[in-house]
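Coordinate inspection notes
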2 protein chains.
Amino acid sequence: MRKYVKSDFPIEKVRRFLEPGPVVLVSSAWQGASNIMTLGWHTVMEFSPSLVGCVISSANHSFDLIRRSKQCVINVPEVHLIDQVVGIGNSSGAEMDKFAEFKLTRAAGAMVKAPLIAECFANLECKLVDARLIQKYNYFIFEVVKAHAARAPKYPRTVHYRGEGMFMISGPPLNMRRKFKPEMLV
Amino acid sequence: MRKYVKSDFPIEKVRRFLEPGPVVLVSSAWQGASNIMTLGWHTVMEFSPSLVGCVISSANHSFDLIRRSKQCVINVPEVHLIDQVVGIGNSSGAEMDKFAEFKLTRAAGAMVKAPLIAECFANLECKLVDARLIQKYNYFIFEVVKAHAARAPKYPRTVHYRGEGMFMISGPPLNMRRKFKPEMLV
């Protein structure tokens, strides 16, 4: 499977990977157990601190691992991992080791104990910073504390979920910089 | 400019439009004033009630209109509106009527007083249902109470923001239904 050469990436700029709205793989670990879930309900919330909000249903095996460990890694896959994306979203970590089942490689994080998925284009190490909407909405607010991203390709081919088994693959870039005010080019 | 023929759309299925992560145009009105803002920081939060979370910076003129009226409309533009998307995001409603400036047409909502943008592919009428994260995170939780969507095209060409003036245009569909468990095909 494709391997990437990765570098540290500025945490205040991770919106580059998340704001376009790709499906992500969220990895977690707690007391010897680890898991991966497929997740499409996320949003950037702030540049610095680098905040991301995620809806993680309490029906997921990952819910308790993340809630108890207060950590996770948000991994951004490209389209060649679509079978893993769908397979992980249609199975339960209570019944299998998803890393083994889906032939994915654990990599060690710098700031969290949750494993990074080596085969993903970008890996965002996250710590839970606000738990107050978990009970009502399953809504976790994370701070990205360390980010790793592939040096190439410049524009990853991400997958975006529409529901009912249908995805959209990311298309061409569109440069509109000339129409922006300089101060808006963050 | 392109006009759509629209139908009512099931509110519990609006993830179809939002989960892929497009930039949206949020329209609002309060005491005779109306405005439009460009927004990329949003996530679906629940199917039913149909909940959507949005980060709306307090630096925006729209912030007070939405906070006070407790309403907005989330409008999904296609790529042919890119000049409006960028222009609206790089100007302030405190200084202009954005509907007039950007040649967009107000349409009346069924459930909210905020105007719909007729030129957008989909229009989601929203009411504010949870304000508790507004002060700390500028985070608004809305319930979609009425949805309107164009009957065609089946796959809108949406735009997705990467930051620094760069967008991604939505690409081809990818049907993975055969790999889903039946109960996961929501």
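Predicted model, so just to flag it, every value in this text is computed and none were measured. (Residues numbered from 1 in each chain as written. Chains lettered and ligands numbered in written order. Predicted model: local features only at pLDDT ≥ 70, side-chain atom pairs only at ≥ 80, totals over all residues. Heavy atoms only, no water.)

**Quick notes on the overall build of chain A**
Helix and strand content of chain A: 5 helices and 12 strands. C-alpha extents for chain A along the principal axes are approximately 50 × 35 × 35 Å. Across the 186 residues in chain A, those meeting the buried criterion constitute 58%. Expressed as a percentage of contacts within chain A between residues at least 6 apart in sequence, the contacts between residues at least 24 apart total 65%. When the accessible surface of chain A is split by element, carbon and sulfur atoms take 51% of a total near 7700 Å². Separation between the mean location of the 25 positive side-chain charges and that of the 16 negative ones in chain A comes to 5 Å. (Helix = DSSP H or I, 4+ residues; strand = E, 2+ residues; numbered from the N terminus. Buried < 20%, exposed > 50% of the residue type's maximum accessible area, 1.4 Å probe, protein only. Contact = heavy atoms within 4.5 Å. Areas by Shrake-Rupley, 256 points an atom, 1.4 Å probe, with all protein chains shown as cover. Lys, Arg positive; Asp, Glu negative; His and termini not counted. Charge placed at Lys NZ, Arg CZ, Asp CG, Glu CD.)

**Some remarks on the relation of the copies chain A and chain B**
Take chain A, turn it by 180 degrees, move it 0.0 Å along the axis, and it overlays chain B with an RMSD of 0.0 Å. Put plainly, the chains are arranged around a two-fold axis. Most of the interface of chain A is mirrored in chain B: 100% of its interface residues are interface residues there too. (Least-squares fit on C-alpha atoms with pLDDT ≥ 70 in both.)

**Thoughts on the confidence of the model for chain A**
Residues with a pLDDT of 70 or more make up 100% of chain A, whose mean pLDDT is 96. Across the interfaces of the predicted complex, the ipTM metric reaches 0.97, alongside a pTM of 0.97. (pLDDT = per-residue confidence, 0-100.)

**Section: the sheet that holds strand β12 (residues 166-175) of chain B**
As a general point, the strands of a sheet are linked pairwise by backbone hydrogen bonds and lie either parallel or antiparallel. With respect to topology, 4 strands assemble into an open sheet ordered β11(A)-β12(A)-β12(B)-β11(B), the strand pairing being antiparallel. The sheet is open, and its two edges are formed by β11 (159-163) of chain A together with β11 (159-163) of chain B, each paired on a single side. On average, each strand axis in the sheet is inclined to that of its neighbour by 40 degrees, with strand direction left out of account. (Pairing = 2+ DSSP bridges. Axes fitted to C-alpha atoms, helices over the stretch in contact; angles between N-to-C directions.)

**Let's talk about the packing of aromatic side chains**
By the definition in use, this model includes 19 aromatic pairs over all chains. Judged by centre distance (5.9 Å) and plane angle (10 degrees), the ring pair of F180(A) and Y161(B) falls under stacked. Placement of the pair is F180(A) in the segment after β12 (166-175) and Y161(B) in strand β11, with the two residues belonging to separate chains. Pair check on accessibility: F180(A) and Y161(B) agree, each one buried. Cluster of aromatic residues (ring-pair linked, three or more members): Y4(A), F9(A), F17(A) and F121(A). (Phe/Tyr/Trp six-rings, centres within 6.5 Å; stacked < 30°, edge-to-face > 60°.)

**Side note on the interface of chain A and chain B**
Counting from both sides, the interface comprises 57 residues of chain A and, opposite them, 57 residues of chain B. Between chain A and chain B the total buried area reaches about 5700 Å² when both faces are included, carbon and sulfur atoms providing 58% of it. Contact with chain B buries surface across chain A, with W41(A), R162(A) and E164(A) losing the most and accounting together for 15% of the total. The tally of links from chain A across to chain B stands at 6 salt bridges. At the boundary of chain A with chain B, the tally comes to 29 residue pairs in polar contact (both at pLDDT 80 or more). Residue assignment for the side of chain A that touches chain B shows that the elements contributing at least two residues are α1 (15-18), β4 (42-46), β5 (51-55), α3 (82-89), α5 (134-137), β10 (139-150), β11 and β12 of chain A. Looking at the side of chain A that touches chain B, the element that brings in the most residues is β12(A), giving 10 residues. Each residue belonging to the side of chain A that touches chain B can be placed in one class, and the counts come to 29 nonpolar, 13 polar and 15 charged. (Buried area = accessible area lost by both parts, 1.4 Å probe. Salt bridge = Lys/Arg side-chain N within 4 Å of Asp/Glu carboxyl O. Polar contact = N/O pair within 3.5 Å; in protein donor to acceptor, adjacent residues only side chain to side chain. Nonpolar A, V, L, I, M, F, W, Y, C, P; charged D, E, K, R; others polar.)

**As for the pairing of β4(A)**
Residue and element names in this part refer to chain A. When you tally the buried positions in β4, you get 4 out of 5 residues, the bulk of the element. Two elements, β4 and β5, share 4 bridges in a ladder whose sense is antiparallel. Across the sheet, the residue bridging to T43 is G53, located in β5. Taking the residues that link successive antiparallel strands as the turn, the β4-β5 hairpin has 4 residues.

**Structural notes on the nonpolar core**
Counting residues in hydrophobic clusters, the biggest one holds 76 residues, and the most contacted among them are I74(A) and I74(B). Leave out the neighbours within four places in its chain, and I74(A) touches L18(A), V24(A), L25(A), V26(A), V52(A), C54(A), A122(A), N123(A), L124(A) and C126(A). Among the nonpolar cores identified, the runner-up in size contains 21 residues, and F99(A), L104(A), I169(A) and L174(B) belong to it. (Core = buried A, V, L, I, M, F, W, Y, C linked by side-chain atoms within 4.5 Å.)

**Observations regarding the state of the cysteines**
Enumeration according to the criterion identifies 0 disulfides over all chains in this entry. A disulfide-free cysteine, C120(A) has its sulfur positioned 13 Å from the sulfur of C72(A), the nearest such atom. (Disulfide = S-S within 2.5 Å.)

**Some thoughts on the environment of V73(B)**
Within the secondary structure, V73(B) is located in strand β6 (residues 71-76). Taking the C-alpha atoms as reference points, V73(B) and E125(B), separated by 52 residues in sequence, lie 4.6 Å from one another.

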